[in-house]
Amino acid sequence: MTVDSGGLLFDQPTLLAGREGQAKASAAAIVKAYGLMGYDAVGISANDLAAGLAYLKKVSQQSRFPWLSANLVNTTDRKPLFTPFIIRKIGQIRIGIIGITGSAALAADTTGEATILPWQQVLPDLAESLTSRCDLLLLLSSLPDEANRRIAESLSGIHIILQAGSGSANMMPEQVGNTLLTHTGRQGKYIGRLQLDWKPSKRWGKDQARLLLDAQRKLDQVNWQLKRLQRKGLPAADSQDNPKLLTYYHQLSDTRDLLLAQISALQQGHEAPRSTYQVEFPAIEASIPNLEAVEAMVREAKAEINRLGKEARLRMQTTARATPQPADATAASPYLGWRKCGGCHPSQAAGWRKSRHAGSYQTLVKKEQQFNLNCLPCHVTGIDAANAPEALTLPDDRRQVGCESCHGPGRLHGAAPTASRPTVSLPPATTCLGCHTPEHDDDFDFARDQLLVH
Amino acid sequence: MKPILPLLAGLAALLSGFFSPLQAMAQWTSQPLTIYFANDLHGEIEPCG
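Residues numbered from 1 in each chain as written. Chains lettered and ligands numbered in written order. Predicted model: local features only at pLDDT ≥ 70, side-chain atom pairs only at ≥ 80, totals over all residues. Heavy atoms only, no water.

The next subject is a nonpolar patch on the surface. Residues and elements named next belong to chain A. A grouping of Leu-36, Met-37 and Leu-291 is seen on the molecular surface, where their side chains present a nonpolar patch of about 240 Å² in accessible area. Examined against the element boundaries, Met-37 turns out to sit in the loop between helix H1 (20-36) and strand S2 (41-43). When its relative accessible area of 35% is taken as the criterion, Met-37 is described as partly exposed. (Patch = residues over 30% accessible without salt bridge, like charges linked within 9 Å, V, L, I, M, F, W, Y side chains within 5 Å. Areas by Shrake-Rupley, 256 points an atom, 1.4 Å probe, with all protein chains shown as cover. Salt bridge = Lys/Arg side-chain N within 4 Å of Asp/Glu carboxyl O. Helix = DSSP H or I, 4+ residues; strand = E, 2+ residues; numbered from the N terminus. Buried < 20%, exposed > 50% of the residue type's maximum accessible area, 1.4 Å probe, protein only.)

Now the structure itself:
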């Protein structure tokens, strides 16, 4: 069974200006890929609504898998806008899968039609009603970790909570009450594989042999302690002189009786067998062969994303030609471009031109992604996610990770070199980490790699 | 109509037994199951270069 707890379409709750077309093309590809990979269900997170409710409804109708949310409801009648849960039969057991949506702000164009209800208003009743119909209950949740823990503490009928977007690292399953909480790290580096041996007791725990061994080991320890105290004369009458020790002796005796009863029950098979699990987080490495159909589809999607960006650039250029420009249009930008910097700093520029930063835009050209607004901000100078569309029409000497990417805009410094210093002389690691994220460069080492810049 | 009643009762008994949770419990003692789960996979689908 393959599931995702949500946030697969978009990585933010609202789409940035000018990026809607490419973001939707990417989202459509992800949905197709999930269909090809045979996903059984996905949860809905608030990010999935970034392009609006109507868009998600359309996507869900075209998906081969159900989109689940029990608490994303119509504001007027409070009825769920999507399927709240499904029941899958696998082998001998019926698995209930519920979706619950985290309470981040909804996109502006849900136009008040959608409301995210607190989980407390929907989950207790739903979980209870599914308990009698299902052997295993799974929650796909985009709520924060603390909320999922509260669910686990209060609703024992939910056996597994798979979290979305809760952290950058993989989370080994943690048992809270009778619920396992887990998630894979963000940014799609790993897949979680949870292998269960599910028992009719519907309880998590160690297997019988392990429980028996543990109980016998504890009994040995308790018996040893008791004998030690008995050698001191306990629980004889004269030990009343030391009431604390006597209390301790009686506690140990009680523990011994409990352990004996537990061992007896385990040996006679009275204790219902517990369910067990194993978890792995295999890394999604380049060496893993791609599913051919998915690979072809991703290739097509990336070509479409690039084509949309190229079209946007043409529109921007047409508009610019039709609009009267100031005599020196480039002066409107605080950025100079690397050639101007190199005029006064030739040795640094020469060193930089041999670096990978100088060829960062060409990397995108080779991959035919030079118009992809998701990629461009980290491959050019002076552009961030918010103004990404501007990257489409940059002059040639800013289509690199140039001097000003690290030292800040240089126009003022260029105009008055001694009066105005560069914004940043020695860039801190945080400047680099904006682009050298674990997602894109998990081997980045600031101390080592800063020496490669020039 | 009379002859049908025992038949219906038998059918009802059969169905109630068939669908009872206890009966279902008795039908399986252990179920292996593998769940694959991902998070934020679009990061992997959209690598830039």
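We are not done yet, so read on.
Here the focus is the confidence of the model for chain A. Detail in the predicted coordinates should be disregarded across regions flagged by low pLDDT. Per-residue confidence for chain A gives a mean pLDDT of 89, with 96% of residues at or over 70. Mean pLDDT in chain A bottoms out at helix H5 (residues 208-231) of chain A, which sits at 88, and peaks at strand S3 (residues 67-68) of chain A, which reaches 98. (pLDDT = per-residue confidence, 0-100.)

What follows concerns the interface of chain A and chain B. Taken together, the contact pairs 58 residues of chain A with 25 residues of chain B. Counting each side, the surface lost to burial between chain A and chain B is near 3800 Å², with a carbon and sulfur contribution of 57%. When the area that chain A buries against chain B is broken down by residue, the three leading residues are Met-1, Gln-92 and Pro-200 of chain A, summing to 14%. Seen at the junction of chain A and chain B, the total is zero salt bridges. Counting across the interface, chain A meets chain B through 10 residue pairs in polar contact (both at pLDDT 80 or more). The element contributing the most residues to the side of chain A that touches chain B is strand S12 (residues 192-198) of chain A, with seven residues. Residues that form the side of chain A that touches chain B fall into these classes: 26 nonpolar, 20 polar and 12 charged. (Contact = heavy atoms within 4.5 Å. Buried area = accessible area lost by both parts, 1.4 Å probe. Polar contact = N/O pair within 3.5 Å; in protein donor to acceptor, adjacent residues only side chain to side chain. Nonpolar A, V, L, I, M, F, W, Y, C, P; charged D, E, K, R; others polar.)

What follows concerns the domain arrangement of chain A. As a measure of interface size, the accessible area lost when the parts come together is often cited. By the assigned domains, chain A splits into domain 1 (3-204 + 275-280), domain 2 (208-267) and domain 3 (334-423). Taking only C-alpha atoms into account, the centre of domain 1 of chain A sits 47 Å from that of domain 2 of chain A. (Domains from an automatic or database assignment.)

All names here are of chain A. An ideal rise of 1.5 Å per residue puts 18 Å on 13 residues; helix H3 (residues 119-131) measures up with 17 Å between its terminal C-alpha atoms. Every buried residue of H3 is accounted for by Trp-119, Val-122, Leu-123, Leu-126, Ala-127 and Leu-130. Buried residues along H3 cover an arc of 115° about the axis, so they all sit on one side. Exposed and facing more than 90 degrees away from the buried side of H3 are Gln-121, Asp-125 and Glu-128. Looking at the buried residues of H3, the elements they touch are strand S5 (85-90), strand S6 (93-100), strand S8 (136-141) and helix H4 (145-154). (Expected span 1.5 Å × (residues − 1). Arc of directions from axis to C-beta.)

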